[in-house]
Amino acid sequence: MRLALMGNEAIARGVIESGTYVVTGYPGTPSSEVLMTLHEYSEGLDLYAEWAVNERVAFEIALGASLGGARSLVTMKGPGFNVASDPILSAAYSGVNGGLTILVADDPGPITTQTEQDSRWYAKLSKLPMITPSSPQEAKDFTVVSQLLSEDVMLPVILRTTTRVNHAVSEVITGDVRPPKKYREFRKDPPRYVRAGMAWNLERHKWLNNQLKTVEGLVRKYGLNKVWGEGSSCVVVEGVSYNYVMEVLSRVESWERKIRVVKVDVLYPIPRNFLLDSLSGCKEILVVEELDPYLEESIKALLQDQDLRIKVFGKLSGYLPLEGELNTRVVSQAVSRILGHEVAEPYHDGMIKDLEVPTRPPPLCPGCPHRNSYIAMLLGIAKAGYKRDEIPVFGDIGCYALSVNPPLNAIWTEHSMGASISMAMGLKVGGFDKPVIATIGDSTFFHAGIQPLIEAVNKRVDLLVLVLDNSVVAMTGHQSTPAWETTESGRVTKPVEIVDVLKSIGVDNLAVVNPFEIDEMINKVSEFIKKPGVNVIVAKAPCALLKVRREGVKKKYTVLSSKCVSCLACVRLTGCPALYIGDDNKVKILMDDCVGCGLCARYCPYKAIVEVSPHE
Ligand code: SF4
Ligand code: SF4
């Protein structure tokens, strides 16, 4: 069967074809759609497919399932691997029983991620096999291969992707579906599973190194690592970069006689024998890869080890950039240099570079409760007698980080999951003598905010924390949180309430406020900001998109042009993207976008914004 699939949908198909039974993960672009696809299409399939509270927990669930013999897969974005890395490194010593694939999706660009992390280094650090697909077809096929390889070598296998593979759509030829592989047995074996015995750990390290020696032989049967062309100029390539290289070479007449393309699918352990065979007779090598010069360094080390004097070009020689995504333009420039003549630039570049598009910072959605929370916070700071820029506001990872943009300009930092509370605490214990505020979303609180709050309560730090609870993991596509009563797969849960967690931690003052009751929230901020101890306001209101989806739009607002004096108070305070300035310089409202939150109307000093029926 041929299907048009996005890379992540193809991986979900690979989950089914590989007989994987347990799939867990934490949402993070560009990896989220794997589990979302399974939720959408898995009705009737025998599968455990659920989000976990964070990547570490997700991996440990997958590992436990695997130790009992079930095939499992865990999904995460690059920084999620950092969170899960502790148990992943230990899992290299225990090994696995059922196949275990760790899908890690990196984000060159970066397009939606805080860093351009290159997770390929984690393969070297953890000593776990890593394979990388270049297309949706390979994403599906390699998911199956990684599960089989994982059982062959008895190690977790890392399936590493990048955004353009995760989100590209192309035709995928499907394969047969295997029945899910579930629990078989779990035998007591302390030397293998207990990391408290140092002599055992030494033995397991030797076992790990021996397992790795078998990988290159094992992957041959799966047809990984390939060569095209017979030229003496060689291009070594991996992942999505393969597509850029092949598109560029399609413009070079009879390129197969001039160039040899060596595609490396197995990134760890580096396939030494394959590379030495494929690169034999090469006069020069161009390494095309995104992010760090991982392959380039490995190939240089291999050639030096073998006393082979072949020139290697890539990022370290300045042929390709060390930052950002690659594209056909930069790859064609690098290929031109090794060919000694210019390869025509892709046809579309001329069109793109002539376009001048005004920049526009991403805004919070119309009717977003976070907008109200931050406005109330800023007004509460003022009401308490502080200047706006006197009180540091630590932000966290989620939609609400968009409050860094005008007109709110609210948060001062956004660092890593859960860091808002601990960094705010750090500023206080470092000697800062005014109040500090940490703002954190509900999913991020569950993910990594609970421990920092325990620390702050335990050390009696004075802190105001706003938990912005919109009841969903909004930014990555509306995934469930532990507060949901039923998960996406229909599993009925025992919901965990944030307020109960906060009470059990022992925060000093706690209030739950609807941010649409803006006066109440302003008063609570101005009251709590001065109180000693850890004071928490849970700003609880559903994500605007979720609310509209569930309840529809019950009212909208419009601007009476006769009353509007173009003072722009509404625009400057709210920054709501449904507001725009018309040709007559009066503010207008995009009726399709307005969800009727009423915030702009509240702050129009001339009462020019009025409620209307949603059908007008
Ligand atoms: S606040 Fe009122 S008067 Fe001022 S621009 Fe907006 S709609 Fe017009
Ligand atoms: S009422 Fe005003 S602030 Fe609210 S969504 Fe509509 S235009 Fe935006």
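Residues numbered from 1 in each chain as written. Chains lettered and ligands numbered in written order. Predicted model: local features only at pLDDT ≥ 70, side-chain atom pairs only at ≥ 80, totals over all residues. Heavy atoms only, no water.

A. Representation of the overall build of the protein in the model. The helix and strand tally for the protein stands at 23 helices and 24 strands. Taking 616 residues into account, the globule formula puts the C-alpha radius of gyration at 25 Å, and the protein, at 27 Å, falls close to it. For the C-alpha atoms alone, the extent of the protein along its principal axes is close to 80 × 65 × 55 Å. Split into buried and exposed, the 616 residues of the protein put 55% on the buried side. (Helix = DSSP H or I, 4+ residues; strand = E, 2+ residues; numbered from the N terminus. Rg over C-alpha atoms; globule rule 2.2 N^0.38 Å. Buried < 20%, exposed > 50% of the residue type's maximum accessible area, 1.4 Å probe, protein only.)

B. Looking closely at the sheet that holds strand β16 (residues 413–414). The six strands lie next to each other as β16-β15-β17-β18-β20-β19, forming an open sheet whose pairing is parallel. The open sheet has two edge strands, β16 and β19 (509–513), and neither has a second partner. Where strand β15 (residues 393–395) and strand β17 (residues 437–441) come together, two bridges link them in parallel fashion. Each residue of the ladder has a partner; that of Phe-394, found in β17, is Ala-438. Sheet contacts for helix α18 (residues 442–458): β17, β18 (463–469) and β20 (534–540); angle to β17, the most-contacted strand, approximately 145°. (Pairing = 2+ DSSP bridges. Contact = heavy atoms within 4.5 Å. Axes fitted to C-alpha atoms, helices over the stretch in contact; angles between N-to-C directions.)

C. Focus on the site of ligand 2. Near ligand 2 lie 13 residues; those nearest to it are Cys-576, Cys-594, Cys-597, Gly-598 and Cys-600. Of the residues contributing to the shell around ligand 2, the split by class is ten nonpolar, three polar and no charged. (Near = heavy atom within 4 Å. Nonpolar A, V, L, I, M, F, W, Y, C, P; charged D, E, K, R; others polar.)

D. Just the site of ligand 1, in detail. Around ligand 1, the structure places 13 residues, and the nearest of them are Cys-564, Cys-567, Leu-568, Cys-570 and Cys-604. Classifying every residue of the shell around ligand 1 by side-chain character gives twelve nonpolar, one polar and no charged.

E. Structural view of the nonpolar core. In this structure, Ile-102, Ile-285 and Leu-286 are the most contacted members of the largest nonpolar core, which totals 104 residues. Counting residues per element, this core draws most heavily on helix α6 (residues 136–153), which supplies seven residues. Those residues within four positions of Ile-102 in sequence are excluded, and the remaining contacts are Phe-59, Val-74, Met-76, Phe-81, Ile-88, Leu-128, Pro-156, Val-157, Ile-158 and Leu-159. One finds Met-377, Leu-402, Leu-466 and Val-525 within the second-largest nonpolar core, a separate group that totals 56 residues. (Core = buried A, V, L, I, M, F, W, Y, C linked by side-chain atoms within 4.5 Å.)

F. Looking closely at the environment of Gly-314. Tracing the backbone through its elements, the reader meets Gly-314 in the loop between β14 (311–313) and α14 (328–339). Distance from Gly-314 to His-447, taken between C-alpha atoms, is 39 Å for residues 133 residues apart in sequence. Those residues in contact with Gly-314 that lie beyond four places of it in its chain are Leu-286, Val-287, Glu-296, Tyr-319 and Leu-320.

G. Broad picture of unusual backbone geometry. Cis geometry is found at the peptide bond from Thr-29 to Pro-30, where omega equals 15°. A cis amide bond links Gly-109 with the next residue in sequence, Pro-110, at an omega value of -25°. Inspection of the secondary structure puts Pro-110 in the loop between β5 (100–106) and α5 (120–126). With phi around 60°, Asp-307 is a residue other than glycine that occupies positive phi space. A positive phi is found at Lys-607, a non-glycine position, where the angle reads about 50°. If you trace the backbone, Lys-607 turns up in the loop between α23 (599–602) and β24 (609–612). A relative accessible area of 53% places Lys-607 in the exposed class.

H. Looking closely at helix α10 (residues 241–249). Those residues of α10 not exposed but buried are Ser-241, Tyr-242, Tyr-244, Val-245, Val-248 and Leu-249. For α10, the angular spread of buried residues about the axis comes to 160°, placing them on one side. (Arc of directions from axis to C-beta.)

I. Expanded view of the side chain of Glu-151. Within the secondary structure, Glu-151 sits in helix α6. Judged by its relative accessible area of 18%, Glu-151 falls in the buried class. In contact with Glu-151, other than residues within four places in its own chain, are Arg-71, Asn-97, Gly-98, Gly-99 and Lys-181.

J. Here's a closer look at the state of the cysteines. Counted by the stated rule, this structure contains one disulfide. Disulfide partner of Cys-234: Cys-282, at an S-S distance of 1.6 Å. Handedness of the Cys-234-Cys-282 disulfide follows from its S-S torsion of about -70°: it is left-handed. With Cys-234 in strand β10 (residues 233–237) and Cys-282 in the loop between α12 (272–278) and β13 (284–288), this pair connects stretches of sequence that are 48 residues apart. There is no split in this pair, since Cys-234 and Cys-282 are both buried. (Disulfide = S-S within 2.5 Å.)

K. Focus on the side chain of Ser-94. Of note, Ser-94 is situated in helix α4 (residues 78–94). Residues in contact with Ser-94, not counting those within four places in the same chain, are Arg-192, Tyr-193, Arg-195 and Arg-204.

L. Seen up close, the sheet that holds strand β2 (residues 22–25). Spatially, the seven strands line up as an open sheet ordered β3-β2-β4-β5-β7-β6-β12, and their pairing is mixed. Strands with a single pairing partner mark the edges of an open sheet, and in this sheet they are β3 (48–51) and β12 (266–268). Pairing of β5 with strand β7 (residues 157–162), which is carried by six bridges, proceeds in the parallel orientation. When the sheet's bridge partners are listed, Asp-106 is paired in β7 with Thr-162.

M. Structural detail: the packing of aromatic side chains. Applying the stated criterion across every chain, the model contains six aromatic pairs. Ring centres 4.6 Å apart and planes at 15° place the aromatic pair Phe-313 and Tyr-319 in the stacked group. Taken individually, Phe-313 and Tyr-319 each receive the classification buried, so the pair is uniform in this respect. Residue placement shows Lys-263 over the ring face of Tyr-242; its charged tip is 5.3 Å from the ring centre. (Phe/Tyr/Trp six-rings, centres within 6.5 Å; stacked < 30°, edge-to-face > 60°. Lys NZ or Arg CZ within 6 Å of the ring centre and 35° of its normal.)

N. Focus on the pairing of β19. Pairing geometry for β19 and β20, over five bridges, is parallel. Note that in β20 the partner of Ala-511 across the bridge is Ile-537. Taking the sense of rotation as the criterion, the β-α-β connection linking β19, helix α20 (residues 518–528) and β20 turns out right-handed. (Right-handed = clockwise from strand over helix to strand, strands pointing away.)

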